[in-house]
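Reading the structure
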Amino acid sequence: MQIYNTLTRRREEFVPLKDKEVKIYVCGPTVYDFFHIGNARVFITFETFRRFLKYRGYKVTYVQNFTDIDDKLIKRANEEGISVKELADKYIQEYFKDADALGIERADYHPRATETISDIIELVKKLYDEGYAYEVDGDVYYRTRKFEGYGKLSHQDIDELAAGARIEVGEKKEDPLDFALWKKAKQGEPSWESPWGKGRPGWHIECSAMALKFLGETIDIHAGGPDLIFPHHENEIAQSEGATGKPFAKYWMHVGYLNINNEKMSKSLGNFFTARDVLSKYDPEVIRFFMLSAHYRSPINYSMELIDQAQKGLERLYNTVNDLTYYLKNTAGQTASPGLTIELEPYKERYIKAMEDDFNTADAISVLFELSREINTALREGVSADSGQKALALMKELGGILGILKKEGEVNLEEEIELLIKKREEARRNKDWSTADSIREQLKKMGIILEDTPGGVRWKKEIL
RNA sequence: GGCGGCAUAGCCAAGUGGUAAGGCAGAGGACUGCAAAUCCUUUACCCCCAGUUCAAAUCUGGGUGCCGCCUCCA
């Protein structure tokens, strides 16, 4: 199993710190608003990797945090005239609504920064005692130049970084590169007691503290969005390794950007879509399929056209699953001939091989398409019930890792629909094509698609 | 200015030395009352130039173009 490590900029053999146990920390959303589809890409991507690791027998402990105290939350809460906690509670709920809808399995732990304050304070204290932090008038800063490896993740030279750094008004840092671990409370802001007086945590320290608390000093995989590499993850390394003296994470993983019209999605450009927007227009599985159809480190472009393309592709896979299901229910075993057998093992092996190659979901999906074609062919020639069952199970098994092919296409015929189909059959026998076609249209509007096959009339529910 | 990524058919997209997966769209065919679905066939001088090699989309150098990070951001 190979994983690309941002730290070394190479693909590395994946060896967990301990046996087959994998500890993963993913930076979660700042809960001041609905999350957007760029966030969704991160959550879907790493959650899918977790599924695959579990599938391969790893015991995964997965942590994804909520940032529920920061400038953006404070600003938004003030605008809405509610407390920061009320705002955060609201958007954590909304997070779960959207994430659940997208089929994103819940993490083992979803810690909140505000519930980790005592751990954060302990960590800052430790950094202070070690000389990695200093206090100025109630603020505590990290002494960046004291940490030897600073810049190793983003591969930036510390002096080059210093050239671009700025000190904001009101900050009293020793060095422009230093960053806040603890911020002195301002009037009307949420705050907690600390050795440096009332205040709140800086942004980066919470992730160090939560990873430490739930996963320990060294974790296997730390993951997140691409724009977290600098400064967020760089700072996390400085904090965690400064405090423990041990490597923070063995593998650092980052997804590519999700772009709109080939440009980074951002609020200032107004090219912004929340997951909820997109969920109102597309089936969640289509969104997952779309995101997983390119390599996770490549940028992907979001547009209706491309999502439509993805939907068509997913429909093709579903046609196979539904045709096979139908066949097994209605046709298999009814003929005297034993039927074909499909060699399934090679597909499974190729799929696993693709996923073990730095999670090449695009390649894995192509295996599903090839399996799909072979099943389709076998279906017209007559596949054995046993082999058909196994093929169906494999499609669902491999699709399930990606979070697709989970729907049941068949529904029980309601009487009204049954009646319509009978009427249409009668019309067809009388070669009354216009009546037959209008009934088919009528059913289409009800979400029922009819197919006249050599074996008789097939119907299916429109599922995407 | 510093650092990095990408450039494969109309579109999307795999492929890190041995003469190009897969999907969408298109064309032709089979099936069909018509559709739909499915199957078969078909569509690539792998951005340009030079080099290394028996052999390069894949390695090296140069060029062009696009994108990103260095500042809150997934």
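Summarised in this report is the structure supplied together with it.

Parameters and conventions
Residues numbered from 1 in each chain as written. Chains lettered and ligands numbered in written order. Predicted model: local features only at pLDDT ≥ 70, side-chain atom pairs only at ≥ 80, totals over all residues. Heavy atoms only, no water. Helix = DSSP H or I, 4+ residues; strand = E, 2+ residues; numbered from the N terminus. Buried < 20%, exposed > 50% of the residue type's maximum accessible area, 1.4 Å probe, protein only. Polar contact = N/O pair within 3.5 Å; in protein donor to acceptor, adjacent residues only side chain to side chain. Contact = heavy atoms within 4.5 Å. Axes fitted to C-alpha atoms, helices over the stretch in contact; angles between N-to-C directions. Parallel < 35°, antiparallel > 145°, perpendicular 65-115°, else oblique. Nonpolar A, V, L, I, M, F, W, Y, C, P; charged D, E, K, R; others polar. 1 Å grid on protein atoms, 1.4 Å probe; cavity = no way out; pocket = protein on both sides within 12 Å on 5 of 7 lines; lining within 4 Å. Points joined across faces, edges and corners; volume = space filled by probe spheres on them. Patch = residues over 30% accessible without salt bridge, like charges linked within 9 Å, V, L, I, M, F, W, Y side chains within 5 Å. Areas by Shrake-Rupley, 256 points an atom, 1.4 Å probe, with all protein chains shown as cover. Salt bridge = Lys/Arg side-chain N within 4 Å of Asp/Glu carboxyl O. Lys, Arg positive; Asp, Glu negative; His and termini not counted. Charge placed at Lys NZ, Arg CZ, Asp CG, Glu CD. Pairing = 2+ DSSP bridges. Near = heavy atom within 4 Å.

A few points about the side chain of Glu 47
The topology assignment puts Glu 47 in helix 1 (residues 37–55). In this structure Glu 47 comes out as buried when scored by relative accessible area, which is 0%. Here Arg 288 takes part through its side chain, which lies 2.7 Å from a polar atom of the side chain of Glu 47. With near-sequence residues (within four places) excluded, Glu 47 lies in contact with Tyr 62, Gly 103, Ile 104, Glu 105 and Arg 288.

Some points on the packing of helix 1 against helix 9 (residues 284–292)
Put simply, helix 1 and helix 9 touch, their axes get as near as 10 Å, and they point 80 degrees apart. In this view, helix 1 runs roughly perpendicular relative to helix 9, as classed from their interaxial angle. Of the residues in helix 9, those touching helix 1 at Ile 37, Ala 40, Arg 41, Ile 44, Glu 47, Thr 48 and Arg 51 are Arg 288, Met 291 and Leu 292. Residue composition of the contact of helix 1 with helix 9, by class: five nonpolar, one polar and four charged.

What to know about empty space enclosed by the protein
Unoccupied space between atoms shows up once a probe the size of one water molecule is rolled over them. A full pass over the atoms with the stated rule returns one cavity of 30 Å³ or more. The volume enclosed by the largest cavity comes to roughly 40 Å³. Forming the boundary of the largest cavity are Ile 24, Phe 46, Phe 49, Tyr 62, Ile 221, Met 253 and Phe 359.

Points about the environment of Asn 301
Summarising the element assignment, Asn 301 is placed in strand 13 (residues 300–302). When residues no more than four places from it in sequence are discounted, the contact partners of Asn 301 are Asn 259, Ile 260, Asn 261, Asn 262, Phe 290 and Leu 306.

Observations regarding a negative patch on the surface
There is a patch of like negative charges on the surface, built from Glu 343, Glu 345, Glu 349 and Glu 374. Summarising the element assignment, Glu 349 is placed in helix 11 (residues 345–356).

Focus on the pairing of strand 14 (residues 448–453)
Pairing of strand 14 with strand 15 (residues 456–461) involves six bridges; the strand directions are antiparallel. Its bridge partner lying in strand 15, Ile 449 is registered against Lys 460. Two successive antiparallel strands, strand 14 and strand 15, enclose a turn made up of two residues.

Thoughts on the protein's contact with RNA strand B
Taken together, 55 residues lie around RNA strand B, and Arg 11, Asn 39, Trp 203, Gly 225 and Lys 264 are the ones closest in. A breakdown of the atoms of RNA strand B within 4 Å of the protein gives sugar and phosphate a share of 68%. One nitrogen or oxygen atom from the side chain of Lys 264 is found 2.5 Å from a phosphate oxygen belonging to RNA strand B. A distance of 2.6 Å separates a base oxygen of RNA strand B from a polar atom in the side chain of Arg 440. For the surface near RNA strand B, the secondary-structure elements that each account for two or more residues are helix 1, helix 5 (158–164), helix 10 (304–330), helix 12 (361–381), helix 14 (415–429), helix 15 (433–445) and strand 14. Considering every element that reaches the surface near RNA strand B, the biggest residue donor is helix 12, with nine residues. In terms of residue class, the surface near RNA strand B is made up of 15 nonpolar, 21 polar and 19 charged.

Notes on the environment of Ala 238
Its place among the elements puts Ala 238 in helix 7 (residues 229–244). In the structure, Ala 238 is positioned 89 residues away from Gly 149 in sequence and 7.5 Å away in space, judged by C-alpha atoms. Setting aside residues up to four positions removed in sequence, Ala 238 forms contacts with Tyr 142, Phe 147 and Tyr 150.

Notes on the sheet that holds strand 6 (residues 139–142)
Pairing in this open sheet of four strands is antiparallel, and the strands run 5-6-7-8 from one edge to the other. Two strands close off the open sheet at either side, each with one partner strand: strand 5 (133–136) and strand 8 (199–201). Going across the sheet, the axis of each strand differs from the next one's by a mean of 25 degrees, ignoring polarity. Here strand 5 runs beside strand 6; their pairing, made up of four bridges, is antiparallel. Bridged to Glu 135 within strand 6 is Val 140.

Keep in mind these numbers describe shape, not what the thing actually does.
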